[in-house]
Amino acid sequence: MHDSEHPNLPERPRLAPGVRLHFDTTRNAWVLLGPERVIETEGPASEILRRCDGSRTIAQIVDELAALYTADRAEIAGDVADMLVELVAKRMLAA
Amino acid sequence: MTAPHARPDVPPPLGLLAELTHRCPLACPYCSNPLALEPHADELDAATWARVFREAAALGVLQVHLSGGEPASRRDLAEIVAAAHAAGLYTNLITSAIGLDLARLRRLQELGLDHVQVSLQDVDAANADTIADYAGAHARKLAFARSVVECGMALTVNAVIHRANIGHVAALVGVAASVGAARVEIAHAQYYGWALRNRRSLMPTRAQVHQAMQEVERIRPRYADHLVIDLVVPDYYARRPKACMGGWARRSLNVTPSGRVLPCHAAETIPNLEFWSVRDHPLQAIWMESPAFQSFRGTDWMAEPCRSCALREIDFGGCRCQALAIVGDAGATDPACELSPHHPRMLELAEQDSTDADIRYSYRGRPVRAAATAIQAR
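Asker: What should I look at first to understand the overall build of chain B in this one?
Answerer: Per the secondary structure count, chain B includes 14 helices and nine strands. For 378 residues, the compact-globule formula gives about 21 Å, and the C-alpha radius of gyration of chain B, at 20 Å, lands near that figure. Its C-alpha atoms give chain B principal-axis dimensions of about 55 × 50 × 45 Å. Across the 378 residues that make up chain B, the buried fraction comes to 53%. Of all intrachain contacts in chain B linking residues separated by at least 6 positions in sequence, the fraction that spans at least 24 positions is 72%.

Written out as structure tokens, the structure is:
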């Protein structure tokens, strides 16, 4: 899957206003917090979310994750796109 | 009372509702505050709230909802917001907007406020102001809601739904969208406290409820890209109960203005429960051990039909306060459940109340008035 297949994704993803990532020491996990929402995230998902700060392009996020996990770039690109699409659907990414 | 609870089985709470004060300029007849409002003199000071927030975060709480009454009625609101943020909590302000302006909002934003929820009473300003018993409230709410969005903050609009505004649910969603809210709560009134006292003037008919629910589903796709619509469904015409509070003493706690810690807003209506105060105990001990929290935690307290029900860990028997209010027994199955022998009675009460032609509110915290309020129930 290629980035250009998702024209609705922002160029430099950033969490929506009122949404932030927080490390929860009680549950030992990254959680995404929004209005009346608490979403627990696992390793790779939290690595993607931490990079959604408006400074990186999707391609840069994919590069960084591919390096971090020494994984196939195309596979990572698909995972990142899937996750961003899901975040958009939940309105947790800024438009 | 239940068998002793294995403490390692007690999961940490996620949310804390901080009722900073019961003072409020508005007097909505469905207010979730208790009938006996706590006096100003008994309120916890900001330093005690700061300690409660630190204890809450250490216990596992992630989100704090600063509520009331009207939290802006506290002059030290900024200090309280700063303390919640410093404790690492996601900080949500639940406000009527009265008492807040752009300057005060900007200050709260700088101090770390994450989210603002503004209540609307109706789309029609005259009706809205009558429901809140406050002239000019509606216009000020809309202006403040726009300010929240202009500051780049996330806004939720909350509308409590009852007989006088149930015809306007689609318009309420439209207003939420027009002021730039990211989320709207269409919350059918829950009948405890003031709402229970005013049930005859608030309860919609079953047909009105059905139509309003359909209306929300009809317009939902129109807002799919920019507005989350959360629906709180009405209990009286339901077939299954809600998992009230996500289960008693399972996910959240509520601290009253004077520091009493409750499993839910209305828990003080249940007789013989022993509530502990943050003035006397650390929050962790209250969550783990206080008698009120232990009373209906888990499923051991349940009688039939809950005890053997496959859904007992889905809905946790519904709401204890509703069971008390309708059945007279806080340990009974919530009569919103069609498996409760009292379910037909609940439906009958709703149908009786909903056909009362008059709307005469007993306004929260206001002296009783003789005259009916001039409100257009549609």
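Asker: I keep staring at the overall build of chain A and nothing clicks. Help me out?
Answerer: Counting its regular elements, chain A contains three helices and three strands. Radius of gyration (C-alpha) of chain A: 13 Å, near the 12 Å computed for a compact globule of 95 residues. Projected onto its principal axes, the C-alpha coordinates of chain A cover approximately 35 × 30 × 20 Å. Each of the 95 residues in chain A was classed as buried or not, and the buried ones make up 23%. By sequence separation, contacts in chain A at least 24 residues apart represent 55% of the contacts at least 6 residues apart.

Asker: I would appreciate a short explanation of the pairing of strand β4 (residues 115–120) of chain B in the present structure.
Answerer: Remark: a regular strand shows side chains that alternate across the two faces of the sheet. All names here are of chain B. Of all six residues in β4, six are buried, a share of seventy percent or more. Neither face of β4 is exposed, since H115, Q117 and S119 on one face and V116, V118 and L120 on the opposite face are all buried. Taking the sense of rotation as the criterion, the β-α-β connection linking strand β3 (residues 90–95), helix α3 (residues 102–110) and β4 turns out right-handed. Bridging between β4 and strand β5 (residues 154–161) involves six bridges; their strand directions are parallel. Bridging across to β5, S119 finds its partner in N158.

Asker: Would you explain the sheet that holds strand β3 (residues 37–41) of chain A in this entry?
Answerer: The strands that make up a sheet pair up through hydrogen bonds in the backbone, lying either parallel or antiparallel. Residues and elements named next belong to chain A. The three strands lie next to each other as β1-β2-β3, forming an open sheet whose pairing is antiparallel. On the outer flanks of this sheet lie β1 (20–24) and β3, each paired with one strand and no other. Looking at each pair of strands side by side, their axes are set apart by 30 degrees on average, direction ignored. Looking at chain direction, β1 and strand β2 (residues 29–34) are connected through five bridges and run antiparallel. Each residue of the ladder has a partner; that of H22, found in β2, is V31.

Asker: Just to check I follow, could you spell out the sheet that holds strand β8 (residues 252–255) of chain B for this structure?
Answerer: Residues and elements named next belong to chain B. With mixed pairing, the nine strands of this open sheet are ordered in space as β7-β6-β5-β4-β3-β2-β1-β8-β9. Whereas interior strands pair on both sides, the edge strands pair on one side only; in this sheet they are β7 (228–232) and β9 (261–262). Running at roughly 160 degrees to β4, helix α5 (residues 137–150) makes contact with β4 and β5 of the sheet.

Asker: Just to check I follow, could you spell out the confidence of the model for chain B for this structure?
Answerer: Detailed reading of the predicted coordinates is not advisable wherever pLDDT is low. All names here are of chain B. Per-residue pLDDT for chain B averages 93, and the proportion of residues at 70 or more is 95%. Within the model, the stretch residues 1–6 combines pLDDT values under 50 with ten contacts to residues more than four positions away or in other chains. Scored by ipTM, the complex comes to 0.88, with pTM at 0.93.

Asker: How should the packing of helix α2 (residues 58–68) of chain A against helix α3 (residues 73–89) of chain A be read in this particular structure?
Answerer: A pair of packed helices is captured by two measures, namely the crossing angle of their axes and the spacing between those axes. Residues and elements named next belong to chain A. The N-to-C vectors of α2 and α3 enclose an angle of 125 degrees; their axes lie 9 Å apart at closest approach. Overall, the two elements α2 and α3 adopt an arrangement that is oblique. For the element pair α2 and α3, the recorded crossing hand is right-handed. Along the contact surface, α2 presents I58, I61, V62, L65 and A66, while α3 presents R73, I76, A77 and V80. The residue makeup of the contact of α2 with α3, split by class, is eight nonpolar, no polar and one charged.

Asker: I keep staring at the nonpolar core and nothing clicks. Help me out?
Answerer: As a rule of thumb, nonpolar side chains are buried together in soluble globular proteins. Grouped together as the largest cluster of nonpolar side chains are 136 residues, with contacts concentrated most on B:F53, B:L89, B:A145, B:L155 and B:V157. Not counting residues within four places of it along the chain, the set of residues in contact with B:A145 comprises B:A97, B:V118, B:L155, B:V157, B:V179 and B:A181.

Asker: Hey, could you run me through the interface of chain A and chain B in this one?
Answerer: How big an interface is tends to be reported as the loss of accessible area on association of its parts. With 13 residues of chain A at the interface, the matching set in chain B holds 16 residues. Looking at the side of chain A that touches chain B, the elements with two or more residues in it are β1 and β2 of chain A. For the side of chain A that touches chain B, the element with the most residues is β1(A), which contributes three residues. Here the side of chain A that touches chain B is built from residues that sort into six nonpolar, three polar and four charged.

Asker: Just to check I follow, could you spell out the packing of helix α4 (residues 125–132) of chain B against α5(B) for this structure?
Answerer: All names here are of chain B. Direction vectors running N to C along α4 and α5 enclose 105 degrees, while the axes themselves pass 7 Å from each other. One element, α4, and the other, α5, form an angle in the roughly perpendicular class. Residues A125, A128, D129 and A132 of α4 form the contact with α5, whose own contacting residues are A137, H138 and A139.

Asker: How do you make sense of the confidence of the model for chain A when you look at a structure like this?
Answerer: Per-chain confidence: chain A averages 89 in pLDDT, with 93% of residues scoring 70 or above. Within chain A, the lowest mean pLDDT, 90, falls on β3(A), and the highest, 95, falls on α2(A).

Asker: Looking at this structure, I do not really get unusual backbone geometry. What am I missing?
Answerer: B:G69 follows B:G68 through a cis peptide bond whose omega is 5 degrees. Assignment of secondary structure puts B:G69 in the loop between β2 (63–67) and α2 (77–86). With omega at 5 degrees, the peptide bond leading from B:E304 into B:P305 counts as cis. One non-glycine residue, A:N28, adopts positive backbone phi at about 55 degrees. Assignment of secondary structure puts A:N28 in the loop between β1 and β2. The class for A:N28 is exposed, based on 7 C-beta atoms found within 10 Å. The backbone of B:D133 sits at a positive phi, close to 55 degrees, despite the residue not being glycine. Mapping B:D133 onto the fold places it in the loop between α4 and α5. Its 20 C-beta neighbours within 10 Å are what place B:D133 among the buried residues.

Each value, and the rule that gives it
Every chain is numbered on its own, with residues counted from 1 as its sequence reads. Throughout, the order in which chains and ligands are written sets their labels, letters from A for the former and numbers from 1 for the latter. With the structure being a predicted model, the display of local features is reserved for residues of pLDDT at least 70 and the display and counting of side-chain atom pairs for 80 or more, all residues being used for whole-chain, interface and lining totals. Strands are runs of DSSP state E lasting at least 2 residues, helices are runs of H or I lasting at least 4, and numbering of each runs from the N terminus. Two things to know: the radius of gyration comes from C-alpha atoms, and the globule rule equals 2.2 Å times the number of residues to the power 0.38. Once C-beta atoms are placed from the backbone, each residue is buried if 20 or more other C-beta atoms lie within 10 Å of its own, exposed if 12 or fewer, and partly exposed for counts between those two. Two residues form a contact once the distance between their C-beta atoms, set from the backbone, is within 7 Å. The path from the first strand over the helix to the second decides the hand: if it runs clockwise while the strands point away from the viewer, the crossover is right-handed. The rule for pairing is simple: two strands pair if DSSP sees at least two bridges between them. Helix axes use the C-alpha atoms of the stretch in contact, all axes being lines fitted to C-alpha atoms, and the angles between their N-to-C directions lie in the range 0 to 180 degrees. pLDDT runs from 0 to 100 and stands for how confident the predictor is about each residue. Convention used here: angles under 35 degrees read as roughly parallel, angles over 145 as roughly antiparallel, angles from 65 to 115 as roughly perpendicular, and any remaining angle as oblique. Two helices cross in a left-handed way if the nearer one is turned anticlockwise from the farther one by less than a right angle. They cross in a right-handed way if the turn is clockwise. Polar here means any residue other than Ala, Val, Leu, Ile, Met, Phe, Trp, Tyr, Cys and Pro, which are nonpolar, and Asp, Glu, Lys and Arg, which are charged; Gly is therefore polar. Each nonpolar core comprises buried Ala, Val, Leu, Ile, Met, Phe, Trp, Tyr and Cys residues, the members being joined through C-beta atoms within 7 Å.

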